[in-house]
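Okay, here's what each chain looks like letter by letter:
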Amino acid sequence: MRLVGILLAAGRSERFGGDKLIAPLPRPIDDIPAGTPIGVAACRHLAAALPEVLAVVRPGDATLAALLRDAGARVVECARAAEGMGESLACGVRSTPDADGWLIALADMPSIKPATITMLASALQRGADIVAPQYNGQRGHPVGFARRHDAALAALRGDEGARAIILANRATFTLQTTDDPGVLHDIDTPSQL
């Protein structure tokens, strides 16, 4: 089964006040040393758990693209990234049409453990339809989708992401409990570092 990790790295970082994905981590996270760019840390964790990672970046973001390639990802520029996360997610799915499923990860979430990603990938391999981690009763990231959602994912637009797909498939959406608080920790502002 071919599962692809899609790392969404095309945001504008407006609340951060600059390109947060190349901002250095102030302290180590697991095996990732301090000073590693946020987006690179997220990419390394995804690549440690999955054999194939595709990072979606903004057009012309050469610095981040090079860093993510060095971290093990294939990189694609999303021409319509400025229109929102849905566009970036759709671009990633359209760029991997032969995948059997996708784990959609956010590049501003560097603390998710590879073991958590592996757990979600295993759930997809066992037949889960849509799967996400749950920590202390809260749903987190990344979110995994089976192949049957390819057309809906590839058709996403705007900034909502895949929320509507999850809501439309509540009956087949499963949560996997984890002890990994990183599934809830995204970095939107410098104070969250």
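Residues numbered from 1 in each chain as written. Predicted model: local features only at pLDDT ≥ 70, side-chain atom pairs only at ≥ 80, totals over all residues. Heavy atoms only, no water.

Remarks on the overall build of the chain
Threshold: Only DSSP runs of H or I covering at least 4 residues are called helices, and only runs of E covering at least 2 are called strands; the numbering of each starts at the N terminus. We compute the radius of gyration from the C-alpha atoms alone; for a globule the expected value is 2.2 Å times N to the 0.38, where N is the number of residues. Partly exposed residues are those whose accessible area sits between 20% and 50% of the maximum for their type, while under 20% is buried and over 50% is exposed, using a 1.4 Å probe and protein chains only. We call two residues contacting when some pair of their heavy atoms lies within 4.5 Å. We get accessible surface area from the Shrake-Rupley algorithm with a probe of 1.4 Å; when it comes to residues, only the shown protein chains can shield them. The positive count covers Lys and Arg only, the negative count covers Asp and Glu only, and His and the chain ends enter neither. In plain terms, the charge of a residue is placed at NZ if it is Lys, CZ if Arg, CG if Asp and CD if Glu.
Each helix and strand in the chain was counted, giving six helices and eight strands. Along the chain, from the amino end to the carboxyl end, the secondary structure elements read β-α-β-α-β-α-β-α-β-β-β-α-α-β. The C-alpha radius of gyration computed for the chain amounts to 15 Å, which stays within 12% of the reference 16 Å derived for 193 residues, consistent with globular compactness. The principal-axis extent of the C-alpha atoms belonging to the chain is close to 40 × 35 × 30 Å. Classification of the 193 residues of the chain by burial places 52% in the buried group. Across the chain, every contact between residues at least 6 apart in sequence was considered, and the portion connecting residues at least 24 apart equals 66%. In the structure as shown, the chain presents an accessible area of about 8500 Å², 51% of it carried by carbon and sulfur atoms. Separation between the mean location of the 19 positive side-chain charges and that of the 21 negative ones in the chain comes to 3 Å.

Here we look at helix H1 (residues 38-49)
Every α-helical turn comprises 3.6 residues, leaving residues that sit three or four positions apart pointing alike. Let me state the cut-off plainly: Helices are assigned an expected span. That span is 1.5 Å times one less than the residue count.
The end-to-end C-alpha separation of H1 is 18 Å, in line with the 16 Å expected for 12 residues at 1.5 Å each. The buried fraction of H1 is high, at nine of 12 residues. Those residues of H1 that sit buried are Ile38, Gly39, Val40, Ala41, Ala42, Cys43, His45, Leu46 and Ala49. If you follow the buried residues of H1, they end up packed against strand S1 (3-9), strand S2 (53-57), helix H2 (62-70), strand S4 (101-106) and helix H4 (114-125).

Section: the pattern of salt bridges
To be explicit about the condition: By salt bridge we mean one thing: a side-chain nitrogen of Lys or Arg within 4 Å of a carboxyl oxygen of Asp or Glu.
Taken as a whole, this structure holds nine salt bridges when the rule is applied. Asp108 is paired through a salt bridge with Lys20; the nearest N and O atoms lie 2.8 Å apart. Here the residue Asp108 occupies a position in the loop between S4 and H4, and Lys20 occupies one in the loop between S1 and H1, the gap between them amounting to 88 residues. Given a relative accessible area of 11%, Asp108 falls into the buried group. In this structure, the salt-bridge partner of Asp61 is Arg58, at a minimum N-O distance of 3.1 Å.

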